[in-house]
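Commentary on secondary and tertiary structure
What follows is the residue order along each chain.
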Amino acid sequence: MTIKNIIKYFLIFCSVLVSCSGDKDTKVSINYTTISKVAKSISNKSFNPSTLLWHKKPAVEWENAFPVGNGRLGAMVYGGIKEEKIQLNEDTYWSGGPYSTVVKGGYKELPKIQKLIFEGKPLEAHKIFGRHLMGYPVEQQKYQALANLHLFFNEDLEVENYKRWLDLSEGIAGVEYTVGGVTYLREVLSSHVDQTIAIRLTASKPGMINFNTELRGVRNSAHSNYATDYFRMDGKGENELILTGKSADYMGIEGKLRYEARAQVHANGGKVERNGTKIKVSNSNSATILFVAATNFIDYKDVSGNEKASVQHYLENLENKDYATIRNGALKDYKNLFERVELDLPSTSTSYLPTDERMVSIQTDPDPQMSSLSYQFGRYVLISSSRPGTQPTNLQGIWNKDMNPSWDSKYTTNINTEMNYWPAEASNLSELTEPLFKMIEELTDQGAQVAKEHYGAKGWVFHQNTDIWRVAAPMDGPTWGTFTVGGAWLTTHLWEHYLYTQDINFLEKVYPIIKGSVDFFMDFLIEHPNGKWLVTNPSNSPENPPEGPGYEYFYDEVTGMYYFTTITAGATMDIQILKDLFKYYGQATEILGRDTEYAYEVLKSRERLVPSQVGKDGTLQEWMEDYGQLEEKHRHFSHMYGLFPGNVLSKTNTPEFIEPIKAVLEQRGDGGTGFSRAWKMALWARLSDGERANSIYKSYLQEQCYLSLFAKCYTPLQVDGTLGVTAAISEMLVQSHEDGIELLPALPKEWDSGRFKGVCTRGAFELDMMWKNNAIKTVKVLSKAGKNCKISTDKNPQIFADGKQIQVKENNGFIEFPTEKGKIYTLEY
């Protein structure tokens, strides 16, 4: 070693003993000889392939970066070498401010629209609806990107042993590589406990952490001629960067959100110095960057918050906390949710490949644990994007790099928002539905105004889209806006929550919301000219144009597009959702002992709803009339709602419709968007065809899934397909929507053995099930509410509780036994 190097390392050693400005790492002892445990497990193939994503290269596209989130703050981590870019979001940063889209007096035109639809004049009805019943503004607000944190390293030497990963078992994204004999490690996490995104940088030798960092704002440059989303970049002291700004005005709605974001840099040893809006870290042993942010958003009507005070509160909470403390707190909180469920399927030699290679190899070589990884990634996304007190998971979760994101990255409720929450109850994340339920409650505000002014009805109604300001009127155009059952569909999630938890207090609380939806449709339903049926009018089957008399492409004055209309009466999806809504409402009145006379009238109306019908081509009809479809391979499966996620059609109760359902699935094929394929997986699972569901899953990985495991909607990133796949995999292994629990209802042959621990079912049961050679071996049932447990079986298992065998009833392929709350019952086959 030269004299120069001896002096260099002596000075570095001395710097470790002296705390630099803002140092929070001096409490942490540093072991310079070890690399990341995750990186080591990747090298020796000892990691759990059901909980680790990893790649050999940094992400180039945003969609392939790894997400972290705490429900409110989200980040996308690229894992760069010369430059690391961490894209940042805060879930309440949207364009605009509180506003209403209610148009008064629209109900006066409703009878004309209904008459025209019954007379087979959809284009005329479309035009009147567009002029008088559409909300105004016709469009809604946009979810916004907040900031980008850039770290510049300027490493010019060749990089060796590069790995980046997302460890689902801990909720941490990491990257490790070696340059010039020094191994560098970065970790990024988003702590729910401390409301911060923490970035940790370490090296295998002292004094080797060197970088520049800058916190940059984002502006709507595409609309720079009128955008008003200005930001300012400042600094404070030697170790803090500050970003402040406001939301953009949009569609005449003033941008009333203000935000503040701060990044503090804390280094162990070396030097930290700020020059304007950049901070330079030199010759440090380690460094931690803490990012916090807030807006002045209180709720959908109130923007009187103090973003600066909120940020200051977060920073004060972080004082005297080193990275180890922040990390440990985040892990404890995260694991409390994530570790509730384990899904272990067979591992193969390809299970330890980089994730991108696994997505290719599974097309020819079985890798069942890849399905486990997709299942757990969906749970991770929900944990990261939906926590009590946050906004619900939107089209992109909480991750968004654009000021004009696809479909505004808002809440689309003709499939997407519902799919986001399909896995919540079964995957043992029940409390994460709170943001969705809060949104439903808030939608009843403008929803009641829309019911009165647009339809002349009681109760509340909501259509196919909303934003953070909870507008409820029809939007986009009549082609989409005539979907009146968006709110009704959302209320089925309230009922499902009750079924999974058996929480009477919850049912009491949400009963007025469910009843309000029923009230609207009891007013809105109109008698069909045949004198027999009650139908919704207007109606549509989401985004799919019928082919029939009066339906043709035309130039739409609302959208300014040459397009089609979907307006009709009594679309099958409407009717199926209302059959569920009315049935659930009747059951709720029985449980709560109220409004029984009204419930009788509701159930009588249910009997008059349009029956399921089979068309001349042998498929289940999508519309009341036996129409064809202008788009042959449509991505939506709206009239399949009754099979999944609804409970109107089934193998057991409506066997006469199973072949017509299969005919629809065959006609539309296994392709389509990410969300479409996830839905198809779940539908085939309900039809007990695990092989078909597994085949669709593999094609989803190949064609509609990013390397991050986020789903595509053709090209744009969306989380609906991600979460829908989680729900579908669960349906393949456990179902409980009918009278009892069905185990392994759609098990692919490749999944011949495994364990599913912690999965939940209706009736408030939690299962720990193991199978081998495609047959159940043991099941442990935790009873959370003390209800009778009913399980389908073709065998006669012995059942034990507290070491004693218990007696069971056997009936039509089911066994049934009483349970006590909190007890575990073991079934041995």
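See the structure above.
Here the residue numbers are simple positions, counted from 1 along each chain's written sequence. For a predicted model such as this one, the threshold for reporting local features is a pLDDT of at least 70, and the threshold for listing and counting side-chain atom pairs is 80 or more; totals across whole chains, interfaces and linings nevertheless cover every residue. Note that water and hydrogens are dropped before the side-chain values are worked out from all heavy atoms of the structure.

**Some thoughts on the overall build of the protein**
Just so we agree on the cut-off: Numbered from the N terminus, helices here are DSSP runs of H or I no shorter than four residues, and strands are runs of E no shorter than two. The size measure is the radius of gyration over C-alpha atoms, and the globule rule it meets is 2.2 Å times the number of residues to the 0.38 power. Accessible area is worked out with a 1.4 Å probe on protein chains only. A residue is then buried under 20% of its type maximum, exposed over 50%, and partly exposed in between. We count Lys and Arg on the positive side and Asp and Glu on the negative side, and we leave His and both chain ends out. Charge coordinates come from a single atom per side chain, which is NZ of Lys, CZ of Arg, CG of Asp or CD of Glu.
When its secondary structure is counted, the protein shows 19 helices and 38 strands. Taking 829 residues into account, the globule formula puts the C-alpha radius of gyration at 28 Å, and the protein, at 28 Å, falls close to it. A buried classification covers 63% of the 829 residues belonging to the protein. When the 89 basic and 102 acidic side-chain charges of the protein are each reduced to a single mean position, those positions are 4 Å apart.

**Looking at the packing of aromatic side chains**
Our working rule: Aromatic rings from Phe, Tyr and Trp, taking only the six-membered ring of Trp, are treated as a pair when their centres fall within 6.5 Å; an angle between ring planes under 30 degrees marks them as stacked, one over 60 as edge-to-face, and anything in between as tilted. In this scheme, Lys NZ or Arg CZ marks a charge over a ring once it lies within 6 Å of the ring centre and within 35 degrees of the ring normal.
Tallied over the full model, the rule gives 36 aromatic pairs. Over the aromatic face of Phe637 sits the side chain of Arg668, whose NZ or CZ is 5.5 Å from the ring centroid.

**Digging into the packing of helix H14 (residues 572–592) against helix H15 (residues 596–607)**
What counts, and what does not: The convention used is that axes are lines fitted to C-alpha atoms, helices contributing only their stretch in contact, and that angles between N-to-C directions extend from 0 to 180 degrees. Roughly parallel covers angles under 35 degrees, roughly antiparallel covers those over 145, roughly perpendicular covers 65 to 115, and oblique covers all other angles. In a left-handed crossing the near helix is turned counterclockwise from the far helix by less than a right angle, and in a right-handed crossing that turn is clockwise. Pairs of residues are marked as contacts when any of their non-hydrogen atoms sit within 4.5 Å. When residue character is reported, Ala, Val, Leu, Ile, Met, Phe, Trp, Tyr, Cys and Pro are called nonpolar, Asp, Glu, Lys and Arg charged, and the others, Gly included, polar.
Interhelical geometry of H14 versus H15 gives an angle of 155° and a closest axis separation of 9 Å. With respect to their mutual orientation, H14 and H15 come out roughly antiparallel. Read as a crossing pair, H14 and H15 show a hand that is left-handed. Contacts from Lys579, Phe582, Lys583, Tyr585, Gly586 and Thr589 in H14 reach Tyr598, Ala599, Val602, Leu603, Ser605 and Arg606 in H15. A class-by-class count of the residues in the contact of H14 with H15 yields six nonpolar, three polar and three charged.

**Overview of the nonpolar core**
Using the following cut-off: In this description, a nonpolar core means a group of buried Ala, Val, Leu, Ile, Met, Phe, Trp, Tyr and Cys residues linked to one another through side-chain atoms lying within 4.5 Å.
Counting 221 residues, the largest nonpolar core has Phe211, Leu215, Tyr455, Ile661, Phe756, Leu767 and Met769 as the members making the most contacts within it. If sequence neighbours within four positions are ignored, Tyr455 has contacts with Tyr107, Leu110, Phe129, Leu133, Val450, Val461, His463, Pro474, Thr484, Phe520 and Phe524.

**Some thoughts on the sheet that holds strand S15 (residues 278–284)**
The condition that has to hold: A pair of strands is labelled paired if DSSP reports no fewer than 2 bridges between them.
Strand order in the open sheet made by the seven strands is S2-S3-S4-S5-S10-S15-S14, with antiparallel pairing throughout. If you trace the sheet from one side to the other, it starts and ends with strand S2 (66–69) and strand S14 (271–275), each paired once. Neighbouring strand axes in the sheet, compared pairwise and without regard to direction, differ in orientation by 20° on average. Bridging between strand S3 (residues 73–77) and strand S4 (residues 83–90) involves five bridges; their strand directions are antiparallel. Counterpart to Leu73 in the pairing with S4 is Glu90.

**Here we look at the pairing of S2**
Look at any regular strand and the pattern is simple: side chains alternate between the two faces of the sheet. Because side chains alternate across S2, one face comprises the buried residues Phe66 and Val68, and the other comprises Pro67 and Gly69, equally buried. Between the antiparallel neighbours S2 and S3 lie three residues, among them Gly71 with a positive phi of about 95°.

**Description of helix H12 (residues 486–501)**
Three or four residues apart is the spacing at which side chains of an α-helix point the same way, because the helix has 3.6 residues per turn. Inclusion rule: Working rule for helices: expected span equals 1.5 Å times residues minus one.
With 16 residues, H12 extends 24 Å between its outermost C-alpha atoms, agreeing within 8% with the 22 Å of an ideal straight helix rising 1.5 Å per residue. For H12, the tally of buried residues reaches 15 of 16 residues, placing the bulk of the element in the interior. Just past H12, the residue Gln502 takes up positive phi, approximately 55°.

**Here's the deal with the sheet that holds strand S34 (residues 798–801)**
Strand order in the open sheet made by the seven strands is S17-S30-S31-S32-S38-S34-S35, with antiparallel pairing throughout. Strands with a single pairing partner mark the edges of an open sheet, and in this sheet they are strand S17 (342–344) and strand S35 (804–805). Pairing geometry for S17 and strand S30 (residues 754–761), over three bridges, is antiparallel. Looking across to S30, one finds that Glu342 is bridged to Lys757. Strand contacts of helix H8 (residues 368–385): S17 and S30, with the helix running at about 165° to S17, the strand carrying the most contacts.

**Here we look at the packing of H12 against H14**
Where H12 contacts H14, the two axes come as close as 10 Å, and the packing angle between them is 40°. The angle between the axes of H12 and H14 places the two elements in the oblique class. For the crossing formed where H12 meets H14, the hand is left-handed. Contacts between H12 and H14 pair Ala488, Trp489, Thr491, Thr492, Trp495, Glu496 and Tyr498 from the former with Met573, Ile577, Leu578, Leu581, Tyr584, Gln587, Ala588 and Ile591 from the latter. Residue composition of the contact of H12 with H14, grouped by class: eleven nonpolar, three polar and one charged.

**A few points about the side chain of Asn70**
Put simply, the rule is: Think of a polar contact as two N or O atoms within 3.5 Å of one another; within protein, one of them needs to be a possible hydrogen donor and the other a possible acceptor, and neighboring residues in sequence only count if both atoms come from side chains.
With respect to the element layout, Asn70 can be found in the loop between S2 and S3. Reaching out from Asn70, the side chain makes a polar contact with the backbone oxygen of Ser191 at a distance of 2.9 Å. Leave out the neighbours within four places in its chain, and Asn70 touches Ser190, Ser191, His192, Gln195, Thr196, Ser384 and Arg387.

From the geometry alone we can't say anything about function, so treat these as descriptive.
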